[in-house]
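# Fold and geometry: a report
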Amino acid sequence: MHDRTAPWASEGPGTVPPGPAVGAVAGLVAAAVALGAGELVSAAADPGGPSLVRAVGSSFIDRFAASLKDLAVALFGTNDKAALLVGIVVVSLAVGAVLGVAAVRRPWVAAVGFGAFGLVGALAVRADELGSTGAGVLASAVAAVAGVGTLYGLLWLAGAAPVVPRRRTVTPVPPDARTGPSPDLELERTERSRSGPGPDARGPGGLVARRAFLGTAAVLGAGAAGLAVFGRRLAGRGASEAARAQVVLPPPVSSQPPPAEPLQVRGITPFVTPNDDFYRIDTALTIPQVDLDSWRLEVRGMVDRPFSLTHAELLAMESVEQTVTIACVSNEVGGDLVGNAVWQGVPLSALLERAGVQDGAGQVVGRSLDGWTGGFPTGLAGDGRPALVAYAMNGEPLPVRHGFPARLVVGGLYGYVSATKWLSAIELTPWDDVDGYWIPRGWAKEGPIKTQSRIDVPRSRRALAPGPTPIAGVAWAPTRGISKVEVRVDDGPWQECRLGDSDGPDTWVQWMLAWDATPGEHVITVRATDGDGRTQTADTAPVAPDGATGHHRRRVEVRPA
Ligand SMILES: Nc1nc2c(c(=O)[nH]1)N[C@H]1C(S)=C(S)[C@@H](COP(=O)(O)O)O[C@H]1N2
Ligand SMILES: [Mo]
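Note that the coordinates shown come from a computational prediction; the quantities given were computed from them, not determined experimentally. (Residues numbered from 1 in each chain as written. Chains lettered and ligands numbered in written order. Predicted model: local features only at pLDDT ≥ 70, side-chain atom pairs only at ≥ 80, totals over all residues. Heavy atoms only, no water.)

## Details of the overall build of the protein chain
For clarity, the cut-off: Only DSSP runs of H or I with at least four residues qualify as helices, and only runs of E with at least two residues qualify as strands; both kinds are numbered from the N terminus onward. What sets the accessible areas is the Shrake-Rupley method with a 1.4 Å probe; for residues, cover comes only from the shown protein chains.
Counting its secondary structure elements, the protein chain contains 12 helices and 18 strands. Working note: accessible area of the protein chain is about 24100 Å², and carbon and sulfur atoms make up 57% of it.

## Examining the sheet that holds strand β6 (residues 373–377)
Put simply, the rule reads: The pairing criterion for strands is at least two bridges between them, as found by DSSP. Angles shown run from 0 to 180 degrees and are taken between the N-to-C directions of axes, each axis being a line fitted to C-alpha atoms and, for helices, limited to the stretch in contact.
Strands sit in the order β2-β1-β10-β5-β6 across an open sheet of five strands; the sheet is mixed. In this open sheet, the two strands that pair with only one neighbour each are β2 (307–309) and β6. The mean inter-strand angle of the sheet, taken between neighbouring strand axes irrespective of direction, is 20°.

## A short note on the site of ligand 1
Selection rule: One heavy atom suffices: a residue is near a molecule or strand as soon as one of its heavy atoms comes within 4 Å of it. Here a polar contact is taken to be a pair of N or O atoms separated by no more than 3.5 Å, where protein atoms must pair a possible hydrogen donor with a possible acceptor and residues adjacent in sequence count only if both atoms sit in side chains. Buriedness for pockets is judged along seven lines, at least five of which must meet protein on both sides within 12 Å for an open set on the 1 Å grid over protein atoms alone, while cavities are sets there where a 1.4 Å probe fits but cannot get out, and lining residues have an atom within 4 Å of a point. Throughout, a molecule is located in a cavity or pocket provided that more than half of its atoms lie within 2 Å of its grid points. Following the grouping adopted for this structure description, the nonpolar residues are Ala, Val, Leu, Ile, Met, Phe, Trp, Tyr, Cys and Pro, the charged ones are Asp, Glu, Lys and Arg, and the polar ones are all others, Gly among them.
Around ligand 1 lies a shell of 19 residues, among which Tyr279, Thr283, His402, Arg407 and Lys421 are the nearest. Interatomic distance of 3.0 Å between a backbone N/O atom of Ile281 and an oxygen atom of ligand 1. Interatomic distance of 2.9 Å between a backbone N/O atom of Ala419 and a nitrogen atom of ligand 1. Considered on its own, ligand 1 offers 530 Å² of accessible surface; in the complex 100% of this is hidden by protein. In this structure, ligand 1 is accommodated by the largest cavity. Looking at the shell around ligand 1, its residues break down into nine nonpolar, five polar and five charged.

## Side note on empty space enclosed by the protein
Selection criterion: Grid points are joined across faces, edges and corners, and a volume is the space filled by probe spheres set on the points.
Within the structure shown, the criterion is met by five cavities of 30 Å³ or more. Volume-wise, the largest cavity comes out at about 280 Å³. Lining the largest cavity are 23 residues, with Ile281, Asp282, Trp372, Gly415 and Lys421 positioned closest to its centre. Of all the secondary-structure elements, those providing two or more residues to the lining of the largest cavity are β3 (320–327) and α12 (415–418). Grouping the constituent residues of the lining of the largest cavity by class yields 13 nonpolar, five polar and five charged. Within this model, the second largest cavity holds a volume of roughly 90 Å³.

## Structural notes on the packing of aromatic side chains
For clarity, the threshold we go by: The rule is short: rings of Phe, Tyr and Trp, with Trp giving its six-membered ring, pair when the centres are within 6.5 Å, and they are stacked under 30 degrees, edge-to-face over 60, tilted in between. Geometrically, a charge over a ring is one whose NZ (Lys) or CZ (Arg) sits within 6 Å of the ring centre while staying within 35 degrees of the ring normal.
Counting across every chain of the model gives seven aromatic pairs. The structure contains a cluster of three or more aromatic residues connected by ring pairs, namely Phe278, Tyr279 and Trp343. Lying over the aromatic face of Phe307, Arg354 brings its terminal NZ or CZ to 4.3 Å of the ring centre. In this arrangement the basic side chain of Arg527 is found over the ring face of Trp494, its NZ or CZ atom lying 4.1 Å from the centre.

## What about the pattern of salt bridges?
The test is simple: Every case where a carboxyl oxygen of Asp or Glu lies within 4 Å of a side-chain nitrogen of Lys or Arg is listed as a salt bridge.
Applying the stated rule across the entire model yields 16 salt bridges. Across the pair Lys484 and Glu486 runs a salt bridge, and its minimum N-O distance is 3.9 Å. Its salt-bridge partner being Arg555, residue Glu521 comes within 3.4 Å of it at the nearest N-O pair. Pair noted here: Glu521 is in strand β17 (residues 520–530) and Arg555 is in strand β18 (residues 552–558), with a separation of 34 residues, a long-range link.

## Things to note about the side chain of Asp456
The cut-off we apply is this: Burial classification: accessible surface area is computed with a 1.4 Å probe over protein chains only, and a residue below 20% of its type maximum counts as buried, one above 50% as exposed, and the rest as partly exposed. Whether two residues touch is decided by their heavy atoms; if any such pair falls within 4.5 Å, the residues are in contact.
Along the polypeptide, Asp456 turns up in strand β11 (residues 452–457). Look at Asp456 and you get buried, because its relative accessible area is 5%. Once residues lying within four places of it in the same chain are set aside, the contact partners of Asp456 are Gly267, Ile268, Thr269, Ala472, Gly473, Val474 and Arg554.

## A look at the confidence of the model for the protein chain
We apply this condition: Confidence scores labelled pLDDT are given residue by residue by the predictor and lie between 0 and 100.
Across the protein chain, the average pLDDT comes to 87, with 86% of residues at 70 or higher. Counting interchain partners and residues more than four positions distant, the pLDDT-below-50 stretch residues 1–15 has 38 contacts. In the model, residues 161–204 has pLDDT below 50 throughout and makes 60 contacts with residues more than four positions away in sequence or in other chains.

## A word on the sheet that holds strand β16 (residues 509–517)
Note on sheets: strands pair through backbone hydrogen bonds, and any given pair is parallel or antiparallel. With respect to topology, four strands assemble into an open sheet ordered β11-β12-β16-β15, the strand pairing being antiparallel. A single partner strand is all that each edge strand has here, and the edge strands are β11 and β15 (498–499). Of the pairings in the sheet, the one linking β11 to strand β12 (residues 467–476) comprises five bridges and is antiparallel in character. Pairing of Ser453 across the sheet is with Ala475, part of β12.

## Comments concerning the nonpolar core
We count it as follows: Grouping buried Ala, Val, Leu, Ile, Met, Phe, Trp, Tyr and Cys residues that are joined through side-chain atoms within 4.5 Å yields what is termed a nonpolar core.
Among the nonpolar cores identified, the biggest contains 67 residues, and Leu314, Leu348, Leu351, Phe376, Val389, Tyr416 and Ile426 are the most heavily contacted of them. The residues contacting Leu351, other than those within four sequence positions of it, are Leu297, Val299, Phe307, Leu309, Met317, Val346, Val389 and Ile426. If you look at the next biggest cluster of nonpolar residues, it comprises 33 residues, including Ala26, Ala32, Leu151 and Leu155.

Dropping the structure here:
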């Protein structure tokens with residue numbers, strides 16, 4: 001009945017260590033089990049906090065965000081996040097596989113390796129503003145133990161252990177195997193060979209061992225994935241969604257109705273961006289979860305009367321509704337990291353007046369629950385532009401991903417210096433004392449939004465029919481407003497476009513031009529002029545350090561008549 005073809009048991013059970021492939025599979029599965037166990041334990045112990053993988057991801061973002069694309073991206077969009085998490089999992093599994101191969105001959109390597117694995121996770125959770133150190137240590141310890149245990153178990157199943165050193169004389173053993181294991185492990189394995197189900201108890205040899213190994217590995221792998229999914233589910237029941245559902249918005253004392261006549265052009269960007277379509281940019285791999293009973297907004301720093309507000313107190317203050325276009329500094333010319341919403345909230349100026357800003361407090365710093373910061377000159381909060389602690393967006397409580405329960409919205413400033421989401425504190429500091437999150441990462445300290453215009457239609461994907469064709473899009477220069485938008489086709493003259501109604505200078509405007517499309521290839525170019533009469537420059541600048549410039553162009557093809 002002895003099948004001697006199993007590569008790791010060819011000379012008799014238990015005498016020859018399994019090959020590297022077996023070690024790799026065992027190590028990979030062990031790493032998967034470690035990750036799955038870590039997800040589950042962190043989700044159970046600290047549902048609002050990051051898992052080990054997410055915490056490692058967050059430290060990765062904080063450390064490398066600046067260098068990611070040559071300083072050029074002050075953003076972390078949804079896709080970056082998914083890619084980062086997948087990357088961390090893949091690297092972890094690969095490291096597990098390497099540990100598995102090494103552990104075939106040196107079991108201690110697995111213990112050290114998975115220990116280090118756990119330590120990295122624990123340190124990352126500790127460094128994470130959203131993480132509970134206790135939960136992180138627990139999850140890391142469980143993950144490490146689960147990893148080592150799985151690896152040893154699988155190798156044992158595969159016939160690696162127990163290897164009784166005396167018996168190795170039966171087969172030639174590679175030189176490094178002799179020097180490997182620590183005395184303790186030798187002892188333990190010898191012990192196990194006597195008491196536990198030893199080599200012979202594994203019975204009918206290689207084939208069964210291999211089946212048992214592969215079967216167990218598959219089951220454990222699937223189980224690990226299940227643990228991870230279940231853990232995510234558990235963690236997904238964040239406190240914020242539930243809290244948000246309970247929020248009743250007060251009526252604003254003043255509101256700004258959306259403009260009467262949005263332009264009706266098929267494919268044009270709507271004047272108000274629906275919440276679900278609004279771009280999302282932030283460094284948060286785990287969205288800070290909020291329990292409204294304990295959430296506070298602090299106003300502090302260089303103020304005469306620091307105070308903090310409960311959620312109810314914030315909503316009880318007089319609020320206004322204002323339509324404001326916000327944009328990301330990383331928005332490329334023609335890009336879609338820009339949106340326009342009706343924000344309801346408490347004017348920042350009211351909070352600053354109540355606190356009494358001291359002389360020399362040149363900067364308003366918004367602090368997020370996750371430690372992110374953004375700051376802008378204090379004077380801007382009182383120069384007439386909209387500057388709100390916003391708690392509603394387009395008539396709904398602020399969506400969780402857009403900053404629930406409250407965020408800052410400041411007209412005319414890129415989000416990275418102003419639009420702090422998941423707001424926990426507004427801090428007054430001297431201008432030079434604090435640099436917001438992106439400033440040491442290579443971005444300008446002041447971030448006024450540059451005048452921009454974008455072509456929405458026609459799109460360049462399909463050839464157009466010749467004849468009347470609208471050219472349309474949006475243009476923005478928040479705080480200055482848009483006075484004129486012009487389009488040119490090829491090298492033709494700049495033609496002035498029709499503008500839609502705006503809600504004042506802080507929002508974008510829709511624009512359109514009726515074009516009689518002629519057969520052939522054309523390049524359409526747009527440029528806007530702001531309310532101060534300054535026309536958008538044609539000079540191109542990259543997004544770093546303070547926002548892209550240049551004209552948006554689109555090449556279109558018109559079919560023959
Ligand atoms: N807490 C926190 N707030 C943040 C950020 C962040 O990373 N963390 N990113 C800022 C940036 S760069 C932008 S462009 C805006 C985007 O806001 P939105 O995701 O609601 O569109 O949020 C800002 N507020
Ligand atoms: Mo941004």
